[in-house]
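Per-entry structural report
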Amino acid sequence: MIDTHCHLTFPDFSDRIGATLAEAERAGVSGCITISTTTLDCLDALAIASAHDRVWCSAGVHPLYADTADPRVNAKTGDAHVWENLRVVAGHPKCVAWGELGLDNHYTTPARAIQVRVLEEQLAFIQRVNHAGQGGIGKPGLPIVIHCREAFDDLLPILRSAALPADRFVFHCFTGSPAEARRVLDFGASISFTGIATYANAADVRAACALVPADRIMIETDAPFLPPLPHRGKRPCVPAYAADTARNLAQLRGVPFELFHEQINANTARFFGVREPLRP
Ligand SMILES: [Zn+2]
């Protein structure tokens, strides 16, 4: 399977990306998508994806970095972001998604208004890329990885008002209730689950996982965070653990692992265009 969402640019993995990928391969996790969080991090993500056959990347600004005033960034204009970098990364063949972008109401900073502005700027940017076609301005039609934490009421109307197809969104690391999962599914998006969905005390998330249709579910680690059972509490979480989450969730959904494995691989291939390697 593929770990559809991890952060290989985080310091936990510096100098050990090769070992991390080898460990994943041994666990049956044949590739990963390393997800961007800022307009500088996306360059590092692309560098890792370019250096490793079975790693892909995304381009986007995480809502918790919406106000990142990195001194390396646009010192002259004071803008926290270098939007041009997103364009460059998105145009590369190893970039398979936008994101992660969205809203996070769990923390009080960055202020909601800043998160909303950066989200809307990104959605407008993606729409411009989609309309411009292939002419050297990123790839049209890339799927969009959504970060939504305690923010369904605010986020869904914004996504609805964007001129982007709903089935190209995935709500990653879903931590909502079954009712919130229904709202995401009614909107038309896919839903992706991390190790949180394996925790017995996450009954709501597990109930939500059980109701997602087979063709709308994906799995991920969000490494270096959120290790699934039986690794809970370890740091870092690693892409290899995607296999533990997949086994646990197959059981939760009452589906034989081999069938669930086929379903998530088919969904990952359709959504991100990333496939398991053919094996003899
Ligand atoms: Zn993430």
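Refer to the structure presented above.
Nothing here was measured: the structure is a model prediction, and the numbers come from that model.

1. Comments concerning the environment of A24
Counting through the fold element by element, A24 comes out in helix α1 (residues 17-26). As for A24 and I146, which are separated by 122 residues in sequence, their C-alpha atoms are 24 Å apart.

2. With respect to unusual backbone geometry
Following G99, the chain continues to E100 via a peptide bond in cis, the omega torsion being 10°. With respect to the helices and strands, the residue E100 is situated in strand β4 (residues 95-104). Following T109, the chain continues into P110 via a peptide bond in cis, with omega recorded as -5°. If you trace the backbone, P110 turns up in the loop between β4 and α4 (112-132). The phi angle at E150 is positive, at roughly 50°, despite the residue not being glycine. Turning to its location among the elements, E150 is positioned in the loop between β5 (144-149) and α5 (152-161). Given 15 C-beta atoms within 10 Å, E150 falls into the partly exposed group.

3. Some words on the packing of helix α8 (residues 242-252) against helix α9 (residues 257-272)
Their axes nearest at 9 Å, the elements α8 and α9 cross at an angle of 115°. The angle between α8 and α9 falls in the class roughly perpendicular. When the axes of α8 and α9 are compared, the crossing they make is right-handed. Contacts between α8 and α9 involve A246, R247, L249 and A250 from the first element and F257, F260, H261 and I264 from the second. Grouping the constituent residues of the contact of α8 with α9 by class yields 6 nonpolar, 1 polar and 1 charged.

4. What to know about α9
Every α-helix winds through 3.6 residues per turn, so residues three or four apart in the chain are directed the same way. Taking 1.5 Å as the rise per residue, α9 with 16 residues should run 22 Å; its terminal C-alpha atoms sit 22 Å apart, in good agreement. G273 occupies a position one or two residues after α9 and carries a positive phi of about 75°.

5. Here's the deal with the nonpolar core
I33, W98, V170, F171 and I191 are the most contacted members of the largest nonpolar core, which totals 80 residues. A total of 6 residues in this core trace back to one element, the largest contributor, which is β4. Not counting residues up to four positions away in its chain, the partners in contact with W98 are S58, A59, G60, A90, I126, L142, I144 and V145.

6. Digging into the sheet that holds strand β3 (residues 55-59)
Strands sit in the order β1-β2-β3-β4-β5-β6-β7-β8 across an open sheet of 8 strands; the sheet is parallel. Only two strands of the sheet have a single neighbouring strand rather than two, namely β1 (2-6) and β8 (217-219). The average undirected angle you get between the axes of adjacent strands in this sheet is 30°. Where α9 meets the sheet, it contacts β1, β2 (31-34), β4, β6 (169-172), β7 (190-193) and β8, and its direction lies at approximately 95° from that of β8.

Conventions we followed
- Residues numbered from 1 in each chain as written.
- Predicted model: local features only at pLDDT ≥ 70, side-chain atom pairs only at ≥ 80, totals over all residues.
- Helix = DSSP H or I, 4+ residues; strand = E, 2+ residues; numbered from the N terminus.
- Buried ≥ 20, exposed ≤ 12 C-beta atoms within 10 Å, placed from the backbone.
- Axes fitted to C-alpha atoms, helices over the stretch in contact; angles between N-to-C directions.
- Parallel < 35°, antiparallel > 145°, perpendicular 65-115°, else oblique.
- Left-handed = near helix turned anticlockwise from the far one by under 90°.
- Contact = placed C-beta atoms within 7 Å.
- Nonpolar A, V, L, I, M, F, W, Y, C, P; charged D, E, K, R; others polar.
- Expected span 1.5 Å × (residues − 1).
- Core = buried A, V, L, I, M, F, W, Y, C linked by C-beta atoms within 7 Å.
- Pairing = 2+ DSSP bridges.

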